[in-house]
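Residues per chain, in single letters:
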Amino acid sequence: MIGRDILEIRHLHYFMAVCEELHFTKAAEKLGISQPTLSQQIRVLEDEVGMPLFDRIGKKIILTEAGSLLLRYGTEILDILQNVKDSIKDLKEMKSGEIRVGIMPSDLDYRITQLVIDFHQKFPNVKLKILSSVEIVRQVLENEVDLGIAINVLPNDRLVTIPLCQEEYVLIVSKEHPIANRESISIVELKDLPVVIYPEGFVGREIVEETVKKHGFQLNSVLETNSVTSIINLVRANIGATIQPNQLIQQMNDPSLKIIHIQDYAPRRSLSIVYRVDRYVSQATKALIEQIKEYFHS
């Protein structure tokens, strides 16, 4: 039978540190205690559980089945305790603290500056930490950010998903491009058009590729870069065209670029706010969510 000592937060923190490092000496250094003290505390925990938590193979250690169970539930317990601390702090301070937000690099560079300015003016005591990422859902699930603005989010019972909007992709060319006088283009005409685009594996590339593949071809990529700023500079230099969300290009307001609408099933992306179901949502975070919704809806 598991005794009450197993629920001591100190023991859980010690155990979690060993799980992260899978090395007693490194975990002890991280915790600021001696290695013998840490080993003794883990033995106390194992005595309470009645089963070993780690298999020791030479200098290496691995989790046992009991250890894996404790890791799973221990993580949940510590998350709940952190939520309690956050909620109490929120009651005390109201509309203060820090919010970490994950957003796609292109949207970070060109779209949300005004949103950040507006929010800061309303809540000057709240520190926004905006992080650029192409793995926003993973960041949210792993608690690297408090919430994210993600693209084409798949259903996940660990996430709260708030749809924001759908955006259509358009063809972007320089004013000097041979087809710069066009107002629209059919999707099949993109087949042989030289384009500058993100590398394979990037969501902005995958959305477009999935659409054109339905029409029996792949993009004619002549140059690839993971920076939207570089892509736009290459388009300005007339190296090739690019395919980007219309609202993103509109935000740039660049007279050297020409927007050409894609007919016949243009690629589209869906934007959503995402955060973990089990995460405490502070009053400041709720205010930010409402401001994001208003910003994108307008």
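Cut-offs used in this document
- Residues numbered from 1 in each chain as written.
- Predicted model: local features only at pLDDT ≥ 70, side-chain atom pairs only at ≥ 80, totals over all residues.
- Heavy atoms only, no water.
- Helix = DSSP H or I, 4+ residues; strand = E, 2+ residues; numbered from the N terminus.
- Rg over C-alpha atoms; globule rule 2.2 N^0.38 Å.
- Buried < 20%, exposed > 50% of the residue type's maximum accessible area, 1.4 Å probe, protein only.
- Contact = heavy atoms within 4.5 Å.
- Core = buried A, V, L, I, M, F, W, Y, C linked by side-chain atoms within 4.5 Å.
- Pairing = 2+ DSSP bridges.
- Phe/Tyr/Trp six-rings, centres within 6.5 Å; stacked < 30°, edge-to-face > 60°.
- Salt bridge = Lys/Arg side-chain N within 4 Å of Asp/Glu carboxyl O.
- Polar contact = N/O pair within 3.5 Å; in protein donor to acceptor, adjacent residues only side chain to side chain.
- Axes fitted to C-alpha atoms, helices over the stretch in contact; angles between N-to-C directions.
- Parallel < 35°, antiparallel > 145°, perpendicular 65-115°, else oblique.
- Left-handed = near helix turned anticlockwise from the far one by under 90°.
- Nonpolar A, V, L, I, M, F, W, Y, C, P; charged D, E, K, R; others polar.

**Student:** Would you take a moment to explain the overall build of the chain for this structure?
**Tutor:** For the chain, the count of helices and strands is 11 helices and 12 strands. In summary, the chain has a C-alpha radius of gyration of 25 Å against a globular reference of 19 Å for 298 residues, an excess of more than 25%. Out of the 298 residues belonging to the chain, those deemed buried represent 43%. Across the chain, contacts joining residues at least 24 apart in sequence account for 75% of those joining residues at least 6 apart.

**Student:** Explain the nonpolar core to me, please; I cannot follow it from the model alone.
**Tutor:** Side chains of a nonpolar character, in soluble globular proteins, are inclined to be buried together. Counting residues in hydrophobic clusters, the biggest one holds 52 residues, and the most contacted among them are Leu171, Leu190, Ile243, Ile262, Ile273 and Ile292. Apart from the residues lying within four places of it in its own chain, the contact partners of Ile273 are Leu147, Gly148, Val160, Thr161, Ile162, Leu164, Ile289, Ile292 and Lys293. Of all hydrophobic cores here, the second largest spans 19 residues; its members include Phe15, Val18, Phe24 and Ala28.

**Student:** So what exactly am I meant to see when it comes to the environment of Ile197 here?
**Tutor:** Assignment of secondary structure puts Ile197 in strand β8 (residues 194-197). Along the sequence, Ile197 and Gln139 sit 58 residues apart, while their C-alpha atoms lie 24 Å from each other.

**Student:** Looking at this structure, how should I read the pairing of strand β9 (residues 220-224)?
**Tutor:** Consecutive residues of a regular strand have side chains that alternate between opposite faces of the sheet. With four bridges connecting them, β8 and β9 associate as parallel partners. Paired with Val196 across the strands is Leu223, a residue of β9.

**Student:** Please explain the packing of aromatic side chains as it appears in this structure.
**Tutor:** According to the stated counting rule, one finds five aromatic pairs in the structure shown. Measuring from centroid to centroid gives 6.0 Å for Phe24 and Phe54, while their planes differ by 75°, and the two rings are edge-to-face. Here the residue Phe24 occupies a position in helix α2 (residues 24-31), and Phe54 occupies one in strand β1 (residues 54-57), the gap between them amounting to 30 residues. For the pair Phe24 and Phe54, a shared accessibility class is recorded, and that class is buried. For the pair Tyr295 and Phe296, a centre-to-centre distance of 5.6 Å together with 80° between the ring planes defines the contact as edge-to-face. A residue is classified by how much of its surface remains accessible, and Phe296, at 10% relative accessible area, is buried.

**Student:** Would you take a moment to explain the pattern of salt bridges for this structure?
**Tutor:** Should the charged atoms of two oppositely charged side chains come close, the side chains can pair. Enumeration over the complete set of coordinates arrives at 23 salt bridges. Ionic pairing is found between Asp146 and Arg100, a salt bridge with its closest N-O pair at 3.1 Å. Of this pair, Asp146 sits in the loop between α7 (136-141) and β5 (147-151) while Arg100 is found in strand β3 (residues 97-103), placing the two residues 46 residues apart along the sequence. Considered together, Asp146 and Arg100 belong to a single accessibility category, that of buried residues. Between Arg182 and Glu189 there is a salt bridge, with its nearest N and O atoms 2.9 Å apart. Look at the salt bridges and you will find they share partners, linking Asp107, Arg111, Glu167 and Arg269 into a network.

**Student:** I'm lost on the side chain of Glu167 in this one. Help?
**Tutor:** Mapped onto the elements, Glu167 comes out in strand β6 (residues 159-174). Residue classification places Glu167 among the buried positions, given a relative accessible area of 1%. Within the structure, Glu167 has its side chain in polar contact with the side chain of Arg111 (distance 2.6 Å).

**Student:** Explanation requested: the pairing of strand β12 (residues 268-276) in the structure shown.
**Tutor:** Counting buried positions along β12 yields seven of nine residues, so the element is predominantly enclosed. By the bridge criterion, nine bridges tie β6 to β12 in an arrangement that is antiparallel. Bridge assignment links Cys165 to a residue of β12, and that residue is Leu271.

**Student:** Looking at this structure, how should I read the packing of helix α6 (residues 113-122) against helix α11 (residues 283-297)?
**Tutor:** How two helices sit against one another is set out by the angle between their axes and by the gap between those axes. Look at α6 against α11: their axes get within 11 Å of each other, and the N-to-C directions meet at 140°. Between α6 and α11, the angle is such that the two are oblique. Taken as a pair, α6 and α11 cross one another with a handedness that is right-handed. Across the interface between the two elements, Gln114, Leu115, Asp118, Phe119 and Lys122 of α6 pack against Ala284, Ala287, Leu288, Gln291, Ile292 and Tyr295 of α11. Looking at the contact of α6 with α11 residue by residue, the class counts come to seven nonpolar, two polar and two charged.

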